[in-house]
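Residue strings, one per chain:
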Amino acid sequence: MPLKGIKVLELAGLAPGPFCGMILAEFGASVIKVDKISGSYGSVDSLGQGKRSLALNLKTHEGVNIFKRLSNQSDVVIDPYRPGVMENIKLGPKELMKTNKKLIYARLTGFGQTGPYANMAGHDINYLALSGLLSLFGRYGQKPTPPVNLAADFGGGGLMCAFGIILALFECSKSNIGQVIDASMVDGSAYLGSWLFRSQQVPGLWGNPRGKNILDSGTHFYETYETKDKQYMCVGALEPQFYEIFLEKLGLSLDEMPQYDKFEENREKLEKIFKQKSQAEWCALFDGTDACVTPVLNLKDVAFHAHNKERHTFSTISRDSVIPNPAPRLSRTPGTSNGYEKNPEPGEHTIEILTELNFKSEEIAGLIVNEIVHQGMKRSML
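Definitions and limits used
Residues numbered from 1 in each chain as written. Predicted model: local features only at pLDDT ≥ 70, side-chain atom pairs only at ≥ 80, totals over all residues. Heavy atoms only, no water. Helix = DSSP H or I, 4+ residues; strand = E, 2+ residues; numbered from the N terminus. Polar contact = N/O pair within 3.5 Å; in protein donor to acceptor, adjacent residues only side chain to side chain. Pairing = 2+ DSSP bridges. Contact = heavy atoms within 4.5 Å. Axes fitted to C-alpha atoms, helices over the stretch in contact; angles between N-to-C directions. Phe/Tyr/Trp six-rings, centres within 6.5 Å; stacked < 30°, edge-to-face > 60°. Buried < 20%, exposed > 50% of the residue type's maximum accessible area, 1.4 Å probe, protein only. Lys NZ or Arg CZ within 6 Å of the ring centre and 35° of its normal. Arc of directions from axis to C-beta. Patch = residues over 30% accessible without salt bridge, like charges linked within 9 Å, V, L, I, M, F, W, Y side chains within 5 Å. Areas by Shrake-Rupley, 256 points an atom, 1.4 Å probe, with all protein chains shown as cover. Salt bridge = Lys/Arg side-chain N within 4 Å of Asp/Glu carboxyl O. Parallel < 35°, antiparallel > 145°, perpendicular 65-115°, else oblique. Left-handed = near helix turned anticlockwise from the far one by under 90°. Nonpolar A, V, L, I, M, F, W, Y, C, P; charged D, E, K, R; others polar. Disulfide = S-S within 2.5 Å. Right-handed = clockwise from strand over helix to strand, strands pointing away.

K.L.:
Lay out the side chain of Asp124 with the relevant residues and their values.
P.N.:
By the secondary structure assignment, Asp124 is in helix α5 (residues 124-131). Looking at Asp124, its side chain comes within polar contact range of the main-chain nitrogen of Ala152, at 2.9 Å.

Okay, here's the thing in structure tokens:
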């Protein structure tokens, strides 16, 4: 795998940090998740598969020294804390890079390392709002609607941070010098939305209120429709040639349903039409055509759709547990999903990792007794 041999220290957090570490792990990196002694993140981190967990008390001198020893053997540190937190315990980038000049220190935060908001708490919805993108999402006449926590946490956050790490590792392969990555979810979300910013002056694309533009549910030909069996189909017939095929399949003419006129009237017509057949019946009609019509799949059924099944887009542990496989696909060194593995319990690999750092068994026992580290119990597979 492309990142085989790369060693990563991921300080435990929620959503963006674990996702960043997951990407690196599934493309071959060895990732150690540094959990708190309390294990406060263990029960809610759903992205720990394929990683090892060390539960470490960083509020102690001994815990800090253990982290430094790990850092000296690592290529990457993922820090999800607010600015100054790691500096306060003498584990900031300046301290760690004194003894490991090739270290990539990735700081993944909501508002970034500088600015008036840098030390404020926030979540995906706040970062997306400050990026300007949230103002674009929502139906006409309704308030902005956040697309769950997908865009800022995972797109502008974890994914953008992983991209920065790869860039820094590549540069380090030439210079032999590490660097600090300031990955702000506000910055990352804004950059992720570059096309939305740069296309604002494209005639006919934007310019109307939220929910009244071509791509934000303002038209009948870029919309979702309920089917007879309470499922949904989505229509994305943007280009005229595709729209003509769409109408042809419905037995309609351009005169009966013009593309750039009577949006609401046409939407109402299509709502009635789509309710006349089941999702499967509509798929039978549109599959294999250029009408740009596809089913809206739920998380339980998505892996069993013919297209996804043939491409092995997902791994299925059970009908209720579906996990996306790594993307993009590399022809020689593809990633491998760790989805079949269990999330490690906080500290599950503590003794194993300390042994690799050449701690003796009696030293490890003392660290456990003094609550410098914690050895978690491996979860049963039953």
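Still more to cover.
K.L.:
How would you sum up the sheet that holds strand β6 (residues 179-184)? Please name residues and give values.
P.N.:
Across the sheet, which stays open at both edges, the seven strands sit in the order β6-β5-β4-β1-β2-β3-β12 with mixed pairing between neighbours. The open sheet terminates on both sides in strands that have one partner only, identified here as β6 and β12 (373-374). The strands that helix α6 (residues 150-175) touches are β4 (76-79), β5 (104-109) and β6; relative to β5, the one it contacts most, it runs at about 165 degrees. In this fold helix α7 (residues 185-192) packs onto β5 and β6, with an angle of close to 70 degrees to the strand it touches most, β6.

K.L.:
Can you explain the sheet that holds strand β8 (residues 232-236)? Please cite residues and give values.
P.N.:
Taken together, three strands build an open sheet; the order of strands is β7-β8-β9 and the sheet is antiparallel. Strands at the two margins of the open sheet, each flanked by one partner only, are β7 (222-226) and β9 (293-295). Strand-to-strand twist in this sheet, taken as the mean axis angle between neighbours without regard to direction, amounts to 25 degrees. Two elements, β7 and β8, share five bridges in a ladder whose sense is antiparallel.

K.L.:
How would you summarise the packing of aromatic side chains if you had to cite specific residues and measurements?
P.N.:
Tallied over the full model, the rule gives twelve aromatic pairs. When the ring of Phe246 is compared with that of Phe286, the centres are 6.0 Å apart and the planes differ by 25 degrees; the resulting orientation is stacked. Here Phe246 is found in helix α9 (residues 240-250), whereas its partner Phe286 is found in helix α11 (residues 279-286), with 40 residues between them in sequence. Residue classification places Phe246 among the buried positions, given a relative accessible area of 0%. You can call Phe286 buried: its relative accessible area is 1%. For the ring pair Phe274 and Trp282, a centre distance of 4.8 Å and an interplane angle of 45 degrees mean the geometry is tilted. The exposure classification of Phe274 matches that of Trp282, with both residues buried. The rings of Phe221, Tyr225, Tyr243, Phe246, Tyr260, Phe263, Phe274, Trp282 and Phe286 are connected pair by pair, giving a single aromatic cluster. Just above the ring of Tyr140 sits the side chain of Lys212; from NZ or CZ to the centre is 4.6 Å. One residue, Lys277, lies across the ring of Trp282, its end atom 5.7 Å from the ring centre.

K.L.:
Now, about α7: what can you tell me, with residues and values included?
P.N.:
Listing the buried residues of α7 in full gives Met185, Val186, Gly188 and Ser189. Across the axial projection of α7, the buried residues extend over an arc of 165 degrees, all falling on one side. On its buried face, α7 is in contact with α1 (16-26), β5, α5, α6 and β6. For α7, the side-chain oxygen to backbone nitrogen distance between the N-cap and Val186 is 3.2 Å, and the N-cap itself is Ser184.

K.L.:
How would you explain a nonpolar patch on the surface if you had to name every residue and give the values?
P.N.:
A cluster of nonpolar residues, Tyr117, Met120 and Leu130, forms a patch on the protein surface that exposes about 280 Å² of accessible area. Inspection of the secondary structure puts Leu130 in helix α5. According to the relative accessible area criterion, Leu130 is partly exposed, its value standing at 46%.

K.L.:
Kindly report on the packing of α1 against α6, identifying the contributing residues and their values.
P.N.:
As a packed pair, α1 and α6 sit with axes 8 Å apart at the nearest point and diverge in direction by 45 degrees. One element, α1, and the other, α6, form an angle in the oblique class. The handedness of the crossing between α1 and α6 comes out as right-handed. Residue-level contacts link Pro16, Phe19, Cys20, Ile23 and Leu24 of α1 to Asp153, Phe154, Gly157, Gly158, Leu159, Cys161, Ala162, Ile165 and Ile166 of α6. The residue makeup of the contact of α1 with α6, split by class, is eleven nonpolar, two polar and one charged.

K.L.:
Report on the packing of α6 against α7, specifying residues and quantitative values.
P.N.:
Between α6 and α7, the least distance of the axes is 8 Å, while the angle of their chain directions is 95 degrees. Taken as axis vectors, α6 and α7 run roughly perpendicular relative to one another. In this structure, α6 contributes Ala151, Ala152, Asp153, Gly155, Gly156, Gly157 and Met160 to the contact, and α7 contributes Met185, Gly188, Ser189, Tyr191 and Leu192. When the residues that make up the contact of α6 with α7 are grouped by side-chain class, the tally is six nonpolar, five polar and one charged.

K.L.:
How would you summarise the state of the cysteines if you had to cite specific residues and measurements?
P.N.:
The term disulfide refers to a covalent linkage connecting the sulfur atoms of a pair of cysteines. Under the counting rule described, the total for this entry stands at zero disulfides. Considering cysteine sulfurs only, Cys292 is the nearest to Cys234, which forms no disulfide, with 9.4 Å between them.

K.L.:
Just give me the short version of the pairing of strand β1 (residues 7-11), but keep the residues and values in it.
P.N.:
Judged by how many residues are buried, β1 sits mostly within the fold: four of five residues are covered. Bridge analysis of β1 against strand β2 (residues 30-35) gives five bridges, and the strand direction is parallel. Note on β2: the bridge partner recorded for Leu9 is Ile32. A crossover links β1 with its parallel partner β2, the connecting element being α1, and its sense is right-handed. Here three bridges tie β1 to β4, and the two strands are oriented parallel to one another. In the sheet register, Leu9 faces β4, and the bridge partner there is Val77.

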